[in-house]
Amino acid sequence: MSEEVKLAPIPDLGQRTDEITIYAGPCSVESAEQFNEVAECIADLGLTWIRGGAFKPRTNPHSFQGLGEEALKIMKSAGDTYGLKTLTEVMDSAHCQLVADYVDGLQVGARNFQNFSLLKKIGEVTADSHQMVLYKRGFAGTIAEWLAATDYITDHGNTNVVLCERGIRTFEAATRFTLDIAAVPVIHKQSLYPVCIDVSHPAGQRDLVPSLAKAAIAAGADSLMIEVHPNPPVALSDGPQQLTPAQFRELVAELRELAAVLGKKIV
Ligand code: PEP
Ligand code: MN
């Protein structure tokens, strides 16, 4: 008779904290009116962060590039008015200090995944402030490369880094990118960093966003990124994937129910 093989119990890789943070907001900051409308909705839902693009990494140089410093001013003012923390992408080492002066969190976009001089500069600029750095995975970056490069940011002393999975390139063309949901437990197993799932950029279409958001929570994500625009058909970037404030409200209500089942709350 064969002896029973004793396997170690499977640890729960999903449970980090009882809070799931949502980083919601428009793809691009387009005007004070546009941004404030989303800020009002987010604050009314009792959430804590708003995102928005000031410097946009556009594939085509003739597409809208973002309002730059004007957008940072709009974000700061909305953050103060509505009591929200602000998150925006920094694309250029020369802008790190400027961006850090206006917002609470700095985002590294997928297209700068291996821009090591930018990662180092962000680490230097946030060394004392310990501002949150949301570091997105590149389209073709492995998790090992991602974790290794995170040290470029943290080597200066700021370990307040959130790793954001936003979809990778595969043969599949039905979605804009393929969401690697397994990145959540893999990163939880290999590091102490919180994992954010950006559900908008892999979806590419707003009707897929709720399913991906629920999957992210079920997989144990620490935070979600969701793009929200007051009038998506006229958005200057990523219109098809952005939710309206009404759709976002409905989704947050559903996500709150799901989070409660797991003993978590959405903030
Ligand atoms: C964004 O967050 O709007 C963005 C450009 O994301 P990514 O770098 O993941 O494409
Ligand atoms: Mn976008």
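Residues numbered from 1 in each chain as written. Chains lettered and ligands numbered in written order. Predicted model: local features only at pLDDT ≥ 70, side-chain atom pairs only at ≥ 80, totals over all residues. Heavy atoms only, no water.

The name that an unreviewed UniProt entry assigns to the protein chain is 3-deoxy-7-phosphoheptulonate synthase, with the source organism given as Adlercreutzia shanghongiae.

Undergrad: Tell me about the coordination of the manganese ion (ligand 2), residues and numbers included.
TA: Bound to the manganese ion (ligand 2) on the protein side are Cys27 (SG), His201 (NE2), Glu227 (OE) and Asp238 (OD), at distances that span 2.1 to 2.4 Å. Here the donor residues of the manganese ion (ligand 2) share one chain and are spaced in sequence as C-x173-H-x25-E-x10-D. In this pair, Glu227 sits in strand S8 (residues 223-227) while Asp238 sits in the loop between S8 and helix H9 (245-261), placing the two residues eleven residues apart along the sequence. (Donors = N, O, S within 2.8 Å, 3.2 Å for Na, K, Ca; no water. Helix = DSSP H or I, 4+ residues; strand = E, 2+ residues; numbered from the N terminus.)

Undergrad: So what's going on with the environment of Glu165? Residues and values would help.
TA: Topologically, Glu165 is positioned in strand S6 (residues 161-165). Once you skip the residues sitting within four places of it in the chain, Glu165 turns out to touch Arg137, Trp146, Thr178, Leu179, Asp180, Ala183, Cys196, Ile197 and Asp198. (Contact = heavy atoms within 4.5 Å.)

Undergrad: So what's going on with the site of ligand 1? Residues and values would help.
TA: Taken together, 13 residues surround ligand 1, and among them Arg51, Ala110, Arg111, Lys136 and Arg166 come closest. A distance of 2.6 Å separates an oxygen atom of ligand 1 from a polar atom in the side chain of Arg51. Within the complex, the protein chains bury 96% of what would otherwise be the 290 Å² of accessible surface of ligand 1. (Near = heavy atom within 4 Å. Polar contact = N/O pair within 3.5 Å; in protein donor to acceptor, adjacent residues only side chain to side chain. Areas by Shrake-Rupley, 256 points an atom, 1.4 Å probe, with all protein chains shown as cover.)

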